[in-house]
Amino acid sequence: MSEQNPYEKLGVNEGASFEEIQSSRSRLLEEHAGNPQKQAELEKAYDAVLMERLKQRQEGKIKVPDGIRFAEKTPQPATTPTLTLPKPEAPAWLQTWVGQPDLWNLLVPAIVLVGLSVWIGWMPRSDVLQLTMAFATGTSLFFLYRKEHKLGRAVLLSFVSSILGFLLGLAIYALLPASIRVSLPAGEMGQNLVISWVVFLVLWIVTVFFK
């Protein structure tokens, strides 16, 4: 070796351990932090020492820790596989028809339809019934059209909702006990009153959650 061999540049003797060599290299690099040329010389000396030690290892003279030169072979800590469950998604056809309502589309139709329900309950007359049904259907049609600006879909949903509410109202009225029917207006008006309330409820559900 030359008078200034790599070990001397690193400030260690040839019998130093790898831990001592690395510790001395780190300390000298820190001392010469503002001298790139000196740092390059230290790195070159460190590489030379490693190459020499590697050669000695290949010849069977010493044992070089694999982590010194072959960091890519260092065993990595085992990672526990995580099971990621896919988020459930609604069918495509359902996403086409059903949406998430905002506060405006949730509250305003509810206020209008509740007001109409109170009106028809307070004044159970045929003319009031017809007027409130027209207002309810118009409200549903307006808010449904406002969402997607598709008039045909809005008309279809409003029409189907009214028919469904009518049939459901008939069924509910037929199931009402006599004690409740007594409290309703006499005759056909009592039945129409229950049907109108059910129609308003169905219209609200469809108006709010469908698009």
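Remember, predicted model here, so these are calculated numbers, not experimental data. (Residues numbered from 1 in each chain as written. Predicted model: local features only at pLDDT ≥ 70, side-chain atom pairs only at ≥ 80, totals over all residues. Heavy atoms only, no water.)

With that settled, consider helix H2 (residues 18-31). Along its 14 residues, H2 runs 20 Å from first to last C-alpha, staying within 8% of the 20 Å computed at 1.5 Å per residue. Buried within H2 are the following residues: Phe18, Ile21, Ser24, Leu28 and Leu29. One face of H2 carries all of its buried residues, which in axial projection span an arc of 130°. The exposed set on the far side of H2, more than 90 degrees from its buried face, consists of Glu19, Glu30 and Glu31. (Helix = DSSP H or I, 4+ residues; strand = E, 2+ residues; numbered from the N terminus. Expected span 1.5 Å × (residues − 1). Buried < 20%, exposed > 50% of the residue type's maximum accessible area, 1.4 Å probe, protein only. Arc of directions from axis to C-beta.)

By the element assignment, serine 161 lies in helix H8 (residues 151-175). Exposure remark for serine 161: the relative accessible area of 3% places this residue in the buried category. A sequence separation of 38 residues divides serine 161 from valine 199, and the C-alpha atoms of the two residues are 7.3 Å apart. Apart from the residues lying within four places of it in its own chain, the contact partners of serine 161 are Val202, Leu203 and Val206. One polar contact links the side chain of serine 161 to the main-chain carbonyl oxygen of leucine 157, over a distance of 2.5 Å. (Contact = heavy atoms within 4.5 Å. Polar contact = N/O pair within 3.5 Å; in protein donor to acceptor, adjacent residues only side chain to side chain.)

Per the counting criterion, the structure on display carries 2 aromatic pairs. For the pair phenylalanine 142 and phenylalanine 143, a centre-to-centre distance of 5.1 Å together with 85° between the ring planes defines the contact as edge-to-face. Ring plane angle 85° and centroid distance 6.2 Å describe the contact between tryptophan 204 and phenylalanine 209, whose orientation is recorded as edge-to-face. Owing to a relative accessible area of 33%, phenylalanine 209 belongs among the partly exposed residues under this scheme. Lying over the aromatic face of tyrosine 46, arginine 25 brings its terminal NZ or CZ to 4.4 Å of the ring centre. Of note, arginine 53 hangs over the ring of phenylalanine 18, and the distance from its end group to the ring centre comes to 5.1 Å. (Phe/Tyr/Trp six-rings, centres within 6.5 Å; stacked < 30°, edge-to-face > 60°. Lys NZ or Arg CZ within 6 Å of the ring centre and 35° of its normal.)

Let us look at the pattern of salt bridges. Using the criterion set out here, one finds 3 salt bridges in the structure. Across the salt bridge formed by arginine 27 and glutamate 31, the nearest N and O atoms sit 3.3 Å from each other. Of this pair, arginine 27 and glutamate 31 both sit in helix H2, 4 residues apart, roughly one helical turn. With a relative accessible area of 41%, arginine 27 lands in the partly exposed category. Between arginine 125 and aspartate 127 there is a salt bridge, with its nearest N and O atoms 3.2 Å apart. Classification of aspartate 127 as partly exposed rests on a relative accessible area of 45%. (Salt bridge = Lys/Arg side-chain N within 4 Å of Asp/Glu carboxyl O.)

Before going further, it helps to examine a nonpolar patch on the surface. On the surface, Leu156, Phe159, Val160, Ile163, Phe166 and Leu167 cluster together into a nonpolar patch covering about 570 Å² of accessible area. Its location among the elements puts leucine 167 in helix H8. (Patch = residues over 30% accessible without salt bridge, like charges linked within 9 Å, V, L, I, M, F, W, Y side chains within 5 Å. Areas by Shrake-Rupley, 256 points an atom, 1.4 Å probe, with all protein chains shown as cover.)

This paragraph deals with the environment of phenylalanine 200. Checked against the element boundaries, phenylalanine 200 lands in helix H10 (residues 188-209). C-alpha separation for the pair phenylalanine 200 and threonine 137, spaced 63 residues apart in sequence, amounts to 8.5 Å. Filtering out sequence-adjacent residues up to four positions away, phenylalanine 200 remains in contact with Leu113, Leu116, Ser117, Ile120, Thr132, Met133 and Ala136.

With that out of the way, let us pick up the environment of histidine 32. Residue position: histidine 32 is located in the loop between H2 and helix H3 (36-58). Between the C-alpha atom of histidine 32 and that of leucine 42, which follows or precedes it by 10 residues, the distance is 9.5 Å. With residues up to four places along the chain from it excluded, the contact list for histidine 32 reads Lys38, Gln39 and Leu42.

The subject of this paragraph is the side chain of serine 158. Looking at the secondary structure, you find serine 158 in helix H8. Take serine 158: its relative accessible area is 4%, and that puts it in the buried class. At 3.4 Å, the side chain of serine 158 forms a polar contact with the side chain of serine 140. In contact with serine 158, not counting residues within four places along its chain, are Thr137, Ser140, Leu141, Leu144 and Leu203.

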